[in-house]
Amino acid sequence: MSVLDRVRKTVGTMPEVTVAALLVIAAWCGILFGFAEGANAAIRRHIHHIPTGEYTWTELLWMAPLAATMTLAVVALVAILLDRAVRARGALLRLASPFIVALAVFSLIRSLRPGIAGIAAGVLAMGCAVAFARISSTRLQKVTRGARWQLPVAIAALFLWAVGVPRYRQFQERRARAALPAAAQSAPNVLLIIWDTARAISLSLYGYSRATTPQLEAFAKGGAVFDRAFATSSWSLPSHASMYTGRDAHEIRINRDIPLDGTFPTLAEVLSRHGYVTAGFTGNLFYGSRDFGIARGFAWYDDEAPASPSKLASTWTLTRRVLDPWRRWRGNHQEIVRRPGSDVRNKLLAWLDRRGSRPFFASVNFFDAHEPYLAPDPAFNLSFSATPVRYWEGDTRPTDPKVLGDLQTAYESCIRYLDHELGLLLNSLRDRGLLDNTLVIVTADHGDQFGDHGAHLLGHERSLYSSVLRVPLVLVYPQRVPAGVRRDAVVSLRDIPATVIDALGIPETNVFPGISLLRYASGIATEDEIATPRFAHLDPNKFYPAEMDWANKQQHRIGVMSGTLQYLVNASAQEELYDFVRDPWETRDLKGDSTAAINRFRAIVESSLPDSMRPKPPRDTLPNR
C-alpha cells in the first residue's frame, strides 16, 4: 500500500469534523506551535544573543502565536467555504484538520532547523499529520471539548503579555524618574543623533558634489564641524558601545553573540546619577535592540517598530517564507520589518513632551541609510536620479561598476532623506524652545563601501578603510561651542562621553577616558592631544561563511589614524598605509614609501594593544627611500 493510500485510509477513519472543531484545531495549533517558534527565537535572541529578526524577544512571545493562529484560521475558513461550495458534506473539513497540523509542524521544523531541506521537513510534517489523524479518530471530541475552555485562557494570556509588557516598561520609567536626584538648575540637555551607516565622504557637508546634507550644513554653521572624525569599528554594535562608554572597540567585550556587559559605565548611567531623564530611540531594530546591552542606563528605550500586518506576519516562519518571495515579485525591495525615520522622530518628540521639566539625555538612531537603500518617502528615491534607483538585495554581491554606482546613488538618496528628517526634528525642537539649551551632537556609527577597494567590499564590517570609518561629527551648543569653526584634528567617537561631561560641567571628569571635543572646538587642545592616535578594531567576520577563508586572512583587524595617515593591519599581518586627506579613496598604498611612519605605527600598536588582540606585523626591514 502506498503512502497516499495509507493517508486516505487513515483520514477516512476520522469522525465528522464540525466547523467549530476545525476552528478550535486551527487556533490551538497556531497558539502551541507559534508559541514554540516564538519562544525558541526569543531564547536565541535574549539569552544566547543570536540575531533572529528585527523584533524584540518580548514581541516574539505573542506575535508568533498570533500570526500562526491567524494564518491557520484562514486555512480553516477556506476549507469551510470550499466544503460548502462543492457540497463535500464535511469531507474537506476532515482533510483540513491534519493539513493544518502538517503546516504548523512544517513551520516549527523549519524554524528549529533552518538548514533542513523543505522536502524532509514536509515528510516529517506529513507523518505528524497522519499520527494526528489516527489519534483523532477516537479522541477528537474529547480533545476539542477540553480545548474550548482552555483556548480563551491561552488567548487572554497572550493578550495580557502583549499589553502588559509595554505598560510595565512605562511603570519602570516612571519609577526610575521618581528616584532621580535633583538636577542642577538650568542644566543643559543632550541630544545625540546617530545616522546609521552614513559615511562622511558622501556628505556635501564635507565637500561631496551632490547636495546630500543641506539641512545639516545650515545647522552646523552654529557650531563646530570635525573633518577627521573616525568610528571605532565598521559595524554598529561596537561603535555604539564606544559612543556610550568612551572606550575603544578593542576594550569592550561585545560581539554578535556577546552583549555589552557592565565593566564600564555608560553615559546614560552617569547622567542619571546627576538627575537627567534618559531615553534611547533606535531605527536599527537588529543590533540596536536592548537584547545586546546597549540600552543600559536608559530609563526609557524604544526599540520596537510600529505595529503592522507585515511585522506580525514576519514573526512566524511559514508566513515569512510566503511573504518574502511575494513582496519581491511585486517589486517591493524593502525589508519586511523596517522603522522609518519619521517614526523614530515622532517617538522622540512624544517622549520629550511627557518627560517633565528635568534636563534630558536622548540618543536617537536613524537607520534609513542602511541597505537596501530605499528611502521611506519615495520622493527622495529620485533625489539624484531621473529613474528609480537600484536596490541591493542582501543575498547578492554585484560586481558590475554600473550596478555599484546605482547602489551608491540610492544610498546617497537615503542620506538626503536623513537630512530632511534632521531638519524636521530641529524645527520641532526649536518650536518647543529646547535648542538654545541643548548640546546637539550629530554623527554616524560607520559608513558603507561600494566596491572602492574591490566588489567584495560592498557594505560594511568587511574592512577598516576610511571610506567606512570616517563619519560626520557636528557639535552645536551656543553656550560652550564656538560657531562656524571646522577642526582637522583626528578625533574619535569614543570622545563623545567625555565631551558631554565637560559641556555639562559634571565633576566626574575621570569617568570617561576620551578627550573632550570642546578642547578642539575652542582651539585649546594641546599638541599631545592633537597628535593622539585613534584606533579602530574589527573582529573576525562570521556573517559570510562562503568567504570565510578571505575573511580570516585578509579582513582588517586593526586601524590606527594619526595626522593625515591611516595604518591598517589584516589577519595575515599584512600592512597598509594611506594618506586619507590627499588620497581620500585610499588608492595608493604608501607602505613601501615611508619606513619611519610604518615603524612609528608598529610601535603604537605594540604599546597600546594587548598581544592577544593583534596580529604580529612582519619585522623585515623596509627599503629606505
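Residues numbered from 1 in each chain as written. Predicted model: local features only at pLDDT ≥ 70, side-chain atom pairs only at ≥ 80, totals over all residues. Heavy atoms only, no water.

## Side note on the environment of G405
In step 1: Mapped onto the secondary structure, G405 falls in helix α12 (residues 401–431).
In step 2: The spatial distance from the C-alpha of G405 to the C-alpha of F450 is 7.5 Å, given a sequence separation of 45 residues. (Helix = DSSP H or I, 4+ residues; strand = E, 2+ residues; numbered from the N terminus.)

## Focus on a nonpolar patch on the surface
In step 1: Judged by side-chain polarity, V74, V78 and L82 come together as a nonpolar surface patch covering roughly 250 Å² of accessible area.
In step 2: Mapped onto the elements of the fold, L82 is located in helix α3 (residues 57–85).
In step 3: Here L82 falls in the partly exposed class, since its relative accessible area comes to 45%. (Patch = residues over 30% accessible without salt bridge, like charges linked within 9 Å, V, L, I, M, F, W, Y side chains within 5 Å. Areas by Shrake-Rupley, 256 points an atom, 1.4 Å probe, with all protein chains shown as cover. Salt bridge = Lys/Arg side-chain N within 4 Å of Asp/Glu carboxyl O. Buried < 20%, exposed > 50% of the residue type's maximum accessible area, 1.4 Å probe, protein only.)

## Focus on the nonpolar core
In step 1: In this structure, W195, F226 and W351 are the most contacted members of the largest nonpolar core, which totals 119 residues.
In step 2: No other element matches the 13 residues that α12 contributes to this core.
In step 3: Those residues in contact with W351 that lie beyond four places of it in its chain are E173, R177, V277, T278, A279, F281, W300, F360 and A362. (Core = buried A, V, L, I, M, F, W, Y, C linked by side-chain atoms within 4.5 Å. Contact = heavy atoms within 4.5 Å.)

## Describing the confidence of the model for the chain
In step 1: When pLDDT is averaged along the chain, the result is 85; 85% of the residues meet or exceed 70.
In step 2: Taken as a whole, residues 542–550 scores under 50 in pLDDT and shows 15 contacts with residues more than four places along the chain or in a different chain.
In step 3: In this model residues 620–625 is a low-confidence stretch, pLDDT under 50, and it forms nine contacts with partners more than four residues away in sequence or in other chains. (pLDDT = per-residue confidence, 0-100.)

## Re the layout of surface pockets
In step 1: Here the second largest pocket defines a volume of roughly 480 Å³.
In step 2: Forming the boundary of the second largest pocket are 26 residues, of which P166, W300, D302, E304 and K347 lie nearest the centre.
In step 3: Going through the elements one at a time, α3, α5 (118–178), β4 (300–302) and α11 (341–354) are the ones with two or more residues in the lining of the second largest pocket.
In step 4: The element that contributes the greatest number of residues to the lining of the second largest pocket is α5, accounting for seven residues.
In step 5: Counted by class, the lining of the second largest pocket contains 14 nonpolar, two polar and 10 charged residues. (1 Å grid on protein atoms, 1.4 Å probe; cavity = no way out; pocket = protein on both sides within 12 Å on 5 of 7 lines; lining within 4 Å. Points joined across faces, edges and corners; volume = space filled by probe spheres on them. Nonpolar A, V, L, I, M, F, W, Y, C, P; charged D, E, K, R; others polar.)

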